[in-house]
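So you can see what is in the structure, the chains are spelled out below.
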Amino acid sequence: METTTAMPRPKILLIDGSADDLERLRGAIGMDYEVLQADQDGLEGQFAARSAELERSEAKLRTMFELLPMGISITDPDGRLVDCNQAAETLLGIPRAEHLRRSFDGPQWRLLRPDGSEMPVEEYASVRALREGRVVRDVEMGVERPEGVTWLSVSAMPAAHPAYGVVIAFIDITERKRLAQDLDTRMRELRAILDNSSVAIAFVRDRRQVWVNQRMCELFGYSLDEMVGMPTEHFYHNREDYERIGREGYPALMRGERFFTETLMRRRDGSRLWIKVQGKLIDPAKPEAGSIWILQDISDYKAVQAELTAAKEAAEAATKAKSAFLAHMSHEIRTPMNGIIGLSELALQQTVNPITRRYLEQLHHSGINLLGILNDILDQSKIDAGQLSLEETPFDRDRLLESERSLFAPIATGKGLELAIEADPKVPRWLVGDELRLRQVLSNLLSNAIKFTETGRITLQIACIECTEAVTRLRWTVTDTGIGMDRETRARLFQPFTQGDDSIARRFGGTGLGLSISRRLIEMMGGQLEVESALEGGSRFSFEVRLKIAEAPSAAAQTDVSARVDLSGVRVLVAEDQPINQQVIRGMLALLGTEAIIVGDGQQALEQLAASAPPDLVLMDIQMPRMDGLTATRQLRANPAWRELPVIALTAGVTAAEREKITTAGMSDLLPKPVTLDTLNATIARWLAPATIQPEPASRTVEADAAEGTPVRPAADGSTSTPTLHLASAPEDKPSTLVGFDLSTLNEIYDKQEDINNLLRGFADSVRDNVDNIAGAIAREDWTTAYRGTHQLKGVAANVGATRLSAAAEALDNILGEVLEAGSSPDSITQLAPLIERLRGAHADALAQIAALGTLERSVQPLADPGEASRQLHELRALLRQSRFVSPAMLERLRTSLPESSRASLEAMKACLRVFDYPSAELCLQALIDQQAPDQTP
């Protein structure tokens, strides 16, 4: 048997220090040596792997440490810097080696406070963290570097590892600090701007002020501290306005809109002010962020606005008063105009001698001219007030042109001029527009062309520029070969009340309104009135207007409307208070063959309607005493029996307001004054059924002795004369003088002594009780009645030539007028006694003189005294300088006193007077005065 040598057993030092062999130990722990060896090898492998992993982690952390954008420095427990990253080197501007040679509180740092002063060591973040054992955050400090200061935000915290002291982290805030400084500068600038703003600005959240500017404080009288946090309700004048702003404003703000309003607010001292408020949310999506409000003091604006409103109301009142004045003055002016034109037209219907006919024609022509001037002034007033309007009615182009030709051809021929009217064949005949206003423009242009042309030709041309089935554009041109105009004259040509120059006004006359009105009318029609002219080269006025094309009417409708309709048998009730107008309308109705019933006011008209069968038509004046025409018409319409009765207004009717009143009162139509035979005939015929109009001839006149209010029927003999009005040459049986009277006017109008006597006796009967009535009214202190009595007596006496009585009535009338204007009684009624006695004396004398009529001598006596001629000449000059009427009798007396050598100058003066050329007449008169012998001149 093989014998083996046993290996010595390994000895193992046990934990308790004893030794035993491995075998025994193996048995003790139950483990095999190889297993332990394997475990040892495994542990060593794990350690190596862990070491490698740690090395990789350390490398990664180091890389991250170096790449961090913030600077990091680490100190040991004694404050010496032991590590830093690259960012620290960059931010501090020193390399790592230099960095690690320093301590955290070394003198090399030279750090700065935010205000630029040097920062002491004890304020360093690292020192404070190390000494205080706590984290110190966001300490702002500056590091001086050659290129400037770098501003850092530094935080430091104690390290948890015993080998380290503190970890210091810092970032560069230089740019942020610069931006913050810029922002602060801008904020200060913005604050300065806002504080110096002229409007108040408030930042409001939940209706409380978060911020306000200085103007807000100044506006309401509070300090800035008082303003911040103050509820906005505090500023409102009352709770209702505060709630209204919330109710109206905030819904608009929530929609992202800007809210505007004006409201009354109050200051600290309680005074009130008007504020214009504007508000807007900062962010409509986040209303809780608040809103911005701008407040502007508009108290001065409101005051000015109130003044302007008052001024506007005053202007409107003035315009209303002006309209009323125009209506009243139109009535007052047109009433005598109605008499002038109407009576002259009536007189021209009768047989008169050639001289009287010439006077009548000149009188009628002058009345028409005066009416044209009045119409121009009223048109200009309407234009100024914006009340002028246009009508659109069908009219006949041919009739329009023929009307202009018949009106202006005789005038042109009289001056040796040729008038040509040329119409493009393409111009439609039947048009729609305001024919009256178009005719007004053409008449003005043609009248001016003839006025300013001495030789040559006047041409009216109509050219068709464009034409469709419904509308045509026409160019109207008036050309003359007259004096023309320079540039300066053309520049002011269309200004109201302006003519080319003063010499034109003196030479040719006129108001200077025609072209101004014409241009405005053309502008209202959609065109433009243009002028081309050269001095001494004639003028061309032209305009273009668009007019609608009308359908051609039937043959019956094309009958000449100017032809008079036979009105025989028609009964007309006339309500008119003016005797002259009664006479005119009575004569016109008689010429038309109608039966006229004349009454003096609206009350009498109603009484006449109730007392007899209703007439076919009523002519109703508007302004009458006791009851005016409007009131009478309203009462008339209230009666079913008279509801369909045509009622025609007799009035000037110059304003839209008056026309509206006429329509509202129930009147059927308007007959403007002055009334002409043609317009009267056409208006009556328009409102009467054909069966009412009888075919008998209308050549009849009025009964001479018809009493007021009594039906006036045509004379049975068909006579065409009016006994109460005679315009033949003066006969030889006129009264010479009546003490206190000037009968020259009556001598000119009436050719028979008996007619004058009847008129004066009628006057005496009508005023017999007037003075007693006036005196009784004064005794009762009824100043209105007294004033009305003297005013009426003054006018009536003047009309019949009772000059002394008129003057006495005027003296008392002036005093009573002052009493009414002052609204108080005179100091003593006895002060009026002398004036009343003077009036009584003049009244008694006048009636006595009239009673003695028939025993008077002739009024026209040859002038025995040669010096009387000189007195008459100077008296005549006074009349001419006042543009007063010069009677033919006065001229005849002057003729008989002048030598034959002066007759030529006298005839020249009379020729000037016939055309009312008073300046030229005065020059002729001066020649007559110069021709007299020295002893004949006063």
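Residues numbered from 1 in each chain as written. Predicted model: local features only at pLDDT ≥ 70, side-chain atom pairs only at ≥ 80, totals over all residues. Heavy atoms only, no water.

Describing the overall build of the protein chain
- Helix and strand counts for the protein chain come out as 31 helices and 26 strands.
- Across the 938 residues of the protein chain, 41% fall into the buried class.
- Residue pairs in contact within the protein chain that sit at least 24 positions apart in sequence constitute 59% of those at least 6 positions apart.
- When the accessible surface of the protein chain is summed, it comes to about 50,500 Å², and 54% of that surface belongs to carbon and sulfur atoms. (Helix = DSSP H or I, 4+ residues; strand = E, 2+ residues; numbered from the N terminus. Buried < 20%, exposed > 50% of the residue type's maximum accessible area, 1.4 Å probe, protein only. Contact = heavy atoms within 4.5 Å. Areas by Shrake-Rupley, 256 points an atom, 1.4 Å probe, with all protein chains shown as cover.)

A few points about the pairing of strand β4 (residues 81–84)
- Bridge count for strand β3 (residues 71–75) against β4 is 3 bridges, and the pairing is antiparallel. Within the sheet, the bridge partner assigned to Ile74 lies in β4 and is Asp83.
- Here β3 folds back onto β4 in antiparallel fashion, the turn holding 5 residues, of which Gly79 has a positive phi close to 95 degrees. (Pairing = 2+ DSSP bridges.)

Description of the nonpolar core
- Judged by nonpolar contacts, the single largest core of 40 residues is most densely connected at Leu438, Leu445, Leu474, Trp476, Phe541 and Phe543.
- Broken down by element, the residue count for this core peaks at 7 residues, all from helix α13 (residues 435–451).
- In contact with Leu445, not counting residues within four places along its chain, are Val478, Leu515, Leu529, Phe541 and Phe543.
- Membership of the second largest hydrophobic core comes to 35 residues, among which are Phe763, Ala797, Ala809 and Leu835. (Core = buried A, V, L, I, M, F, W, Y, C linked by side-chain atoms within 4.5 Å.)

With respect to the packing of helix α26 (residues 803–822) against helix α27 (residues 833–851)
- Remark: α26 packs on α27, axes separated minimally by 8 Å, with the N-to-C direction vectors making an angle of 155 degrees. The angle between α26 and α27 falls in the class roughly antiparallel. Our pair here, α26 against α27, has a crossing hand that is left-handed. For the pair formed by α26 and α27, the contact residues are Arg804, Leu805, Ala807, Ala808, Ala809, Ala811, Leu812 and Ile815 on the first element and Leu835, Ile836, Arg838, Leu839, Gly841, Ala842, His843, Asp845 and Ala846 on the second.
- The class makeup of the residues in the contact of α26 with α27 is 12 nonpolar, 2 polar and 3 charged. (Axes fitted to C-alpha atoms, helices over the stretch in contact; angles between N-to-C directions. Parallel < 35°, antiparallel > 145°, perpendicular 65-115°, else oblique. Left-handed = near helix turned anticlockwise from the far one by under 90°. Nonpolar A, V, L, I, M, F, W, Y, C, P; charged D, E, K, R; others polar.)

Describing the pairing of strand β16 (residues 430–433)
- The side-chain alternation of β16 yields two buried faces, one formed by Trp430 and Val432 and the other by Leu431 and Gly433.
- Here 4 bridges tie strand β14 (residues 393–396) to β16, and the two strands are oriented antiparallel to one another. Across the sheet, the residue bridging to Pro394 is Val432, located in β16.
- Strand direction decides the pairing type here: β16 and strand β20 (residues 539–549), joined by 2 bridges, are antiparallel. Looking at the pairing, Leu431 lines up with Ile549 of β20.

Details of helix α5 (residues 125–132)
- For α5, the full list of buried residues reads Ala125, Ser126, Val127 and Ala129.
- The elements touched by buried residues of α5 are β6 (136–145), β7 (148–158) and β8 (166–172).
- At the C-terminal side of α5, Gly133 shows a positive phi close to 65 degrees.

Focus: the sheet that holds β7
- Spatially, the 6 strands line up as an open sheet ordered β4-β3-β8-β7-β6-β5, and their pairing is antiparallel. What marks the edges here is a single partner per strand, and that holds for β4 and β5 (111–112).
- Two elements, β7 and β8, share 7 bridges in a ladder whose sense is antiparallel. Bridge pairing in β8 links Pro158 to Val166.
- Packing against the sheet, helix α6 (residues 174–195) makes contact with β6, β7 and β8, and its axis sits at approximately 115 degrees to β7.

Focus: the confidence of the model for the protein chain
- Looking at the protein chain, pLDDT values average 77 and 77% of them are 70 or higher.
- The least confident element of the protein chain is strand β26 (residues 711–712), whose mean pLDDT is 31; the most confident is strand β18 (residues 471–480), at 95.
- Within the model, the stretch residues 694–736 combines pLDDT values under 50 with 116 contacts to residues more than four positions away or in other chains. (pLDDT = per-residue confidence, 0-100.)

Quick look at the packing of aromatic side chains
- Evaluated as defined, the whole model comprises 5 aromatic pairs.
- Residues Phe220 and Phe235 carry aromatic rings whose centres are separated by 4.7 Å and whose planes lie at 50 degrees to one another, so their mutual orientation is tilted. Highlighted residues: Phe220 in helix α7 (residues 214–220) and Phe235 in the loop between α8 (224–227) and α9 (239–254), separated in sequence by 15 residues.
- Exposure remark for Phe220: the relative accessible area of 0% places this residue in the buried category. (Phe/Tyr/Trp six-rings, centres within 6.5 Å; stacked < 30°, edge-to-face > 60°.)

A closer look at the side chain of Asp83
- Of note, Asp83 is situated in strand β4.
- On the accessibility criterion, Asp83 (13% relative accessible area) is buried.
- Among the polar contacts made by the side chain of Asp83, one reaches the side chain of Arg96 at a distance of 2.8 Å.
- Excluding residues that lie within four positions of it along the chain, Asp83 makes contacts with Arg62, Phe65, Ile72, Ser73, Ile74, Arg96 and Leu100. (Polar contact = N/O pair within 3.5 Å; in protein donor to acceptor, adjacent residues only side chain to side chain.)

Describing the pattern of salt bridges
- Using the criterion set out here, one finds 43 salt bridges in the structure.
- Notably, a salt bridge pairs Arg134 with Glu132, separated by 2.6 Å at the nearest N-O pair.
- On the basis of relative accessible area, Glu132 is assigned to the partly exposed category, the value being 44%.
- The salt bridge involving Glu218 is made with Arg215; its shortest N-O contact spans 3.9 Å. In this pair, Glu218 and Arg215 are both assigned in helix α7, 3 residues apart and thus about one turn of the helix distant.
- On the basis of relative accessibility, which here comes to 22%, the residue Arg215 falls in the partly exposed class.
- Each of the salt bridges in this network shares a partner with another, and the network as a whole consists of Glu466, Arg473, Arg475, Glu530, Glu544 and Arg546. (Salt bridge = Lys/Arg side-chain N within 4 Å of Asp/Glu carboxyl O.)

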